[in-house]
Amino acid sequence: MSFNKNNNPMAMGKIMGYLKQLSTEMGGSEQGHQRQQDEERLYRSRGPKYARVPTRPSLSASTTCTSLATSCGSQGTLAPNYATIPEIESTESSSEDEQDAFEKTRRHFQQLRQISLGNEFKYKMELETKEENLRNSQPYVKQLSLDSNKVKTDHTINGDLPPYGVTTQRLYLWTQILAAFAVSMGSLIVGFSSGYTSPAFETMNKTMTISTEEETWIGGLMPLAALVGGVAGGFFIEYFGRKVTIMFTAIPFFIGWMLIANAVNVYMVLAGRAFCGICVGVGTLAYPVYLGETIQPEVRGALGLLPTAFGNTGILLAFFAGTYLDWSQLAFLGAALPVPFFLLMILTPETPRWYIARGRVEDARKTLLWLRGKNANTDKEMRELTRSQAEADLTRGANTFGQLFSRKYLPAVLITLGLMLFQQLSGINAVIFYASKIFKMAGSTVDENLSSIIIGIVNFVSTFIATAIIDRLGRKMLLYISSTAMIVTLVILGAYFYLIDSGTDVSSVGWLPLASLVIYVLGFSIGFGPIPWLMLGEILPSRIRGTAASLATGFNWTCTFIVTKSFSNIILIIKMYGTVWMFAVLCIIGLLFVIFFVPETRGKSLEEIEKKLTGGSRKVRTAATNKPNSGC
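Conventions and cut-offs
- Residues numbered from 1 in each chain as written.
- Predicted model: local features only at pLDDT ≥ 70, side-chain atom pairs only at ≥ 80, totals over all residues.
- Heavy atoms only, no water.
- Helix = DSSP H or I, 4+ residues; strand = E, 2+ residues; numbered from the N terminus.
- Buried < 20%, exposed > 50% of the residue type's maximum accessible area, 1.4 Å probe, protein only.
- Contact = heavy atoms within 4.5 Å.
- Salt bridge = Lys/Arg side-chain N within 4 Å of Asp/Glu carboxyl O.
- Expected span 1.5 Å × (residues − 1).
- Arc of directions from axis to C-beta.
- Phe/Tyr/Trp six-rings, centres within 6.5 Å; stacked < 30°, edge-to-face > 60°.
- Lys NZ or Arg CZ within 6 Å of the ring centre and 35° of its normal.

(A) Up close: the overall build of the protein. Tallying secondary structure elements over the protein gives 29 helices and two strands in all. Within the span of the protein, comprising 632 residues, buried residues form 46% of the whole. Here the contacts in the protein between residues at least 6 apart in sequence split such that 81% fall between residues at least 24 apart.

So, in structure tokens, the structure goes:
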């Protein structure tokens, strides 16, 4: 409908009245001024999407009611560039229709304006979220170095949101150190058990008649019993708990050492060695699992290597104490070591992951608060533990041992077995057990007994070096360094033995065997020695951790027994230089295995590692929905 000043003066007067009223509402109040300022700012920031309409009404007799209302309702503001509404010719008009159309158009514009301001608010919130995500993407350890009192940028809209708060908290280490120290005391007993026979045989032969065959069984029975303990340990840590299993190994340790200390014949010694060997197998399985589930990722590398360091300490303790004590007194010392180990383990908690697996959520939360500090925020870690356990529960009814070789879990299992395999194929146990023989065959100018002690000290010190640098360089970098050091030294040592076999005079470099073996042991002890055991507790998924760790431990002790037992026979077949070069080739293969298959786990939670190795995170809800119901 159209209007003409001459034909319908009353309608024109009403329209001008509406204009005046609208002008007063839109521009006369302070609220109107504020809205106009907001829209001016929106125009400047959003560019050509919006266009300015005339600040004064420019009306003509042919302007439609809808166009007139749109122009009047947008005085001095921003309005979308809508297409012009075509005129509808009409010969009749009603003041009620005009007023309804005008009010409808006015409400429509106000809705558009509110939507525009809402989009601007949403846009700022998106920017704010992106900045927060970017800030949170920094490595956690890097954030720990930031000043917690530093004032963050105030990202607010109209002052209605507070500034960002501190997103990190200081690490609480004392309880985690206590837990790692308690577990490492068990590893001290393991090392003492391994080093006991070397100094004990000399004095044992003076009081008991022991044949050469019986000596080999006293030395070799422990790794065989450890194989049994490693297989059984997976069942124990799953059904009785990590803490209980570790703590109660102190009892068989004590019984075994008391049998040896009070032995009147060789069979009591063998029985004592069998008891100790079973505990060694259970302990080497359970220690890395316990530490992997209790220590935070930021310090898991350093504290996770404490058992290896304490194991080497136990070997040195047996060597040095054996120079002053006979075999029985040395065994009494071994029987005293489980007592502080048992008392320290009483003070430590069970792992939160085992509690979650048993549905004891509150106990898991209390354990986390004990480990992380009573004021720590453990909500995120609890959510990750619960989600990981929920994924594991989806396959609870399946055969656990059969799952080890499923597509989901096979990569983690093969990586663990590969690390254990190349740890032993490096020849370290053969070199350590036959160090004196190697030095004698090499014709070294350094005394063979002194050389063995030097290698023992290097093995002891190098583990602490690895503890200090593992969380800085990472697991893979230390494995690279370890492999390279062993390859180079084994090639040089093999060349030395080849020159001897060919009749070349090597007296001018008589120090070379000791130097080579020192670097070899140093390289092994900072990488392939401790890291396979550390990663045993890191990369195995929670659902199969006990069974897979049992398999890996048994596999490791099997490889130990085979390499140690066959070392002398291999030397007879391919001579010493061929044996040493064979170990060098195996170390090269081990290096390639690390490069292409072993993941880096530094600074990552167990849940993140599991997600990467099992092909990403599961849609737990979807899987649970698709799972067939077994109810009524």
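(B) Geometry of the pattern of salt bridges. Under the criterion given, the structure shown has eight salt bridges. Two residues, Arg-365 and Asp-379, come together in a salt bridge whose shortest N-O distance is 3.5 Å. Taken together, the positions of Arg-365 in helix α17 (residues 361–372) and Asp-379 in helix α18 (residues 379–393) put the pair 14 residues apart, joining distant regions of the chain. Looking at Arg-365, the relative accessible area reads 27%, which means it is partly exposed. For Asp-379, a relative accessible area of 39% corresponds to the partly exposed category. If you follow the salt bridges from partner to partner, you end up with Glu-238, Arg-242, Glu-293 and Arg-545 in one network.

(C) Just α17, in detail. A rise of 1.5 Å per residue sets the reference length of α17, with its 12 residues, at 16 Å; its end C-alpha atoms lie 16 Å apart and thus fit the reference within 8%. Those residues of α17 not exposed but buried are Ala-364, Thr-367, Leu-368, Leu-371 and Arg-372. Buried positions in α17, seen along its axis, are confined to an arc of 115° and lie on one side of it. α17 presents Glu-362 and Lys-366 as exposed residues on the side facing more than 90 degrees away from its buried surface. Following α17 by one or two positions, Gly-373 adopts a phi angle in the positive range, close to 110°.

(D) View of the packing of aromatic side chains. Taken as a whole, this structure holds 15 aromatic pairs when the rule is applied. Arranged with centres 5.4 Å apart and planes meeting at 90°, the rings of Phe-181 and Phe-310 form a pair that is edge-to-face. Taken together, the residues span a long stretch of sequence, with Phe-181 in helix α6 (residues 174–195) and Phe-310 in helix α13 (residues 306–322) at a distance of 129 residues. We classify Phe-310 as buried; its relative accessible area is 15%. Judged by centre distance (6.1 Å) and plane angle (50°), the ring pair of Phe-236 and Phe-240 falls under tilted. On the accessibility criterion, Phe-236 (31% relative accessible area) is partly exposed. Pairwise contacts between aromatic rings join Phe-235, Phe-236, Tyr-239 and Phe-240 into one cluster. In this structure, Arg-358 is placed above the aromatic ring of Tyr-239, and the distance from its NZ or CZ to the ring centre is 6.0 Å.

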